[in-house]
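The residues making up each chain are set out below.
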Amino acid sequence: MGDPTVITEASREIIRKLREQIPELQPTSPLYIRFDDVYLNRFVRARQYKLNDVIIMVNNHIQWLREFNVADIMEFRFEELEQFRTVYPHGYHGIDKVGRPIYIERYAKMNADYLHKITTLDRIAKYWVRGYEILLYQRFPVCRPGITQSTVILDLAGVRLSTFDSRAREFLRLISKISSDNYPETLGAMFIVNVPSFFSIVYNVAKPFIPPETKRKIHVVTAKNVKAELLKHIDQDQLPAFLGGECVCDSNSTTDDRGCLSSDKGPWRDTMPDLHDKDEFVSCVDYGESRGSFAIEHFHTPVGTLTNLPSVTEEKSQRKGAQRFGLFSCCRSPPRKH
Ligand SMILES: [Zn+2]
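Residues numbered from 1 in each chain as written. Predicted model: local features only at pLDDT ≥ 70, side-chain atom pairs only at ≥ 80, totals over all residues.

## Details of the overall build of the protein chain
Tallying secondary structure elements over the protein chain gives 17 helices and five strands in all. Burial analysis of the protein chain (338 residues in total) assigns 33% to the buried set. Across the protein chain, every contact between residues at least 6 apart in sequence was considered, and the portion connecting residues at least 24 apart equals 72%. (Helix = DSSP H or I, 4+ residues; strand = E, 2+ residues; numbered from the N terminus. Buried ≥ 20, exposed ≤ 12 C-beta atoms within 10 Å, placed from the backbone. Contact = placed C-beta atoms within 7 Å.)

Pasting the structure below:
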């Protein structure tokens, strides 16, 4: 257990049955490439190998992909991101010792009133889904081969019980439902750090509802152990200074956490200069259904092989999405200057 790329015989058998029973998983479907065996294995594991439960989950996911219009999610622009970050500092920052992308959230500044002033839950949901699509098809593929999960650090330093009022809980429920229903098994490890004294009461109430496999991945860490515990799993240079590491991405930033949390440091940035220009890079990816899925094939490969684009069929390469993406311009030409 642990790695979705490891497909057991039992899982392979369930995946075979899924493909028999669900037309969207068959080669004639435009969704076929999205639903490769590793992708389906996530759902099999999330439903503990119970075929009927997996079928329900996958069917719901397919319906959601359509209703939510995930095929077009990369068009979405979350213009309020900087304001959103002021109440919800978060971001990807570095990789852990295994090679997994590290995602960090800090809750102390959560202010649900302000959050609802600057944006809506619908827009947050779109931003969240877009973030998951980038994780699956852009961050994982440029990490070490076989990396299909991330490491999450939830920093509760300075959090009070009142931080989690009903509207903040509504927001947290929304994002956790998107994650568990549609992006299962993307979590490799979770560190809940700087936990306040009331946390054990809350956690004990929540524990029975957390699946055992997920519970095994959660490490609850008190303030005095944060540095020692995180450095067991993460190298100093990959960990922000506010969590005990030595990284301060933007020394000019008045708050170090925002410097690191908005830097998007990681191999996705270092190996592909264009990636950091998200508007260019993300439009490169074409998702499923309406606009074909050739790009996904290529994003599953190491960065170097992205240049092997002649293998893309002429018909597909002419697609508007591919050209807009700049799949060609950014992968075959020097990075664009802005
Ligand atoms: Zn940093």
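## Examining the pairing of strand β3 (residues 150-155)
Counting buried positions along β3 gives five out of six residues, so the element sits mostly inside the fold. As paired strands, strand β2 (residues 101-106) and β3 are joined by five bridges and run parallel to one another. Looking across to β3, one finds that I102 is bridged to T151. Relative to strand β4 (residues 187-193), β3 runs parallel, the two being bridged by six bridges. Considered in β4, the bridge of D155 is made with V193. Between the parallel pair β3 and β4, the chain is carried across by helix α7 (residues 166-182), and the sense of this crossover is right-handed. (Pairing = 2+ DSSP bridges. Right-handed = clockwise from strand over helix to strand, strands pointing away.)

## A closer look at unusual backbone geometry
For residues that are not glycine, phi is negative in most cases, and the peptide bond is trans in most cases. Of note in the backbone geometry, N194 takes a positive phi value of approximately 55° without being a glycine. Mapped onto the fold, N194 is located in the loop between β4 and α8 (199-206). Under the C-beta neighbour-count criterion, N194 is labelled buried, with 24 such atoms within 10 Å.

## Remarks on the sheet that holds β4
Read from one edge of the open sheet, five strands run β1-β2-β3-β4-β5, paired in mixed fashion. Strand pairing shows two members of the sheet lacking a second neighbour, β1 (90-95) and β5 (218-221), which therefore form its edges. Averaged over all pairs of adjacent strands, the angle between their axes in this sheet comes to 20°, without regard to strand direction. Most of the contacts of helix α10 (residues 226-233) go to β4, to which it runs at about 165°, and overall it touches β4 and β5. (Axes fitted to C-alpha atoms, helices over the stretch in contact; angles between N-to-C directions.)

## Description of the packing of helix α6 (residues 121-142) against α7
Where α6 meets α7, the closest approach of the two axes is 10 Å, and the angle between their N-to-C directions is 35°. Between α6 and α7 the crossing geometry is right-handed. Together, L121, I124, A125, W128 and V129 of α6 and F171, L174, I175 and I178 of α7 make up the contact between the two elements. A per-class count over the contact of α6 with α7 returns nine nonpolar, no polar and no charged. (Left-handed = near helix turned anticlockwise from the far one by under 90°. Nonpolar A, V, L, I, M, F, W, Y, C, P; charged D, E, K, R; others polar.)

## A closer look at helix α3 (residues 51-67)
For an α-helix, 3.6 residues make a turn, and residues three or four places apart therefore share a direction. Its 17 residues give α3 an end-to-end C-alpha distance of 24 Å, which sits within 8% of 24 Å, the value for a rise of 1.5 Å per residue. Among the residues of α3, those classed as buried are V54, M57, V58, I62 and L65. The arc enclosing the buried residues of α3, seen along the axis, measures out at 135°, which places them on a common side. Among the exposed residues of α3, those oriented more than 90 degrees off its buried face are N52, Q63 and E67. Phi turns positive one or two residues past the end of α3, at N69, with a value near 60°. (Expected span 1.5 Å × (residues − 1). Arc of directions from axis to C-beta.)

## Comments concerning the environment of R169
For R169, the location among the structural elements is in helix α7. Overall, R169 belongs to the exposed group, with 11 C-beta atoms counted inside 10 Å.

## Focus on the nonpolar core
The nonpolar side chains of soluble globular proteins are, as a tendency, buried together. Counting residues in each nonpolar core, the largest one holds 57 residues, and the members touching the most others are L18, F43, V54, I102, I153, V193 and L243. In this structure, V54 is in contact with I14, L18, F43, V44 and R47, ignoring residues within four places of it in sequence. (Core = buried A, V, L, I, M, F, W, Y, C linked by C-beta atoms within 7 Å.)

## So, the pairing of β1
Burial runs high along β1: five of the six residues are buried. Strand direction decides the pairing type here: β1 and β2, joined by four bridges, are antiparallel. Of the residues in β2, the one forming a bridge with H90 is E105. The loop that links β1 with its antiparallel partner β2 comprises five residues; one of these, G99, has a positive phi angle of about 110°.

## Topic: the confidence of the model for the protein chain
Confidence along the protein chain averages 80 in pLDDT terms, with 77% of residues attaining 70 or more. In this model residues 272-338 is a low-confidence stretch, pLDDT under 50, and it forms 101 contacts with partners more than four residues away in sequence or in other chains. (pLDDT = per-residue confidence, 0-100.)

## Regarding the environment of F199
By secondary structure assignment, the location of F199 is in helix α8. Taking the number of C-beta atoms within 10 Å as the measure of exposure, F199 has 16 and is therefore partly exposed. The spatial distance from the C-alpha of F199 to the C-alpha of V159 is 9.7 Å, given a sequence separation of 40 residues.

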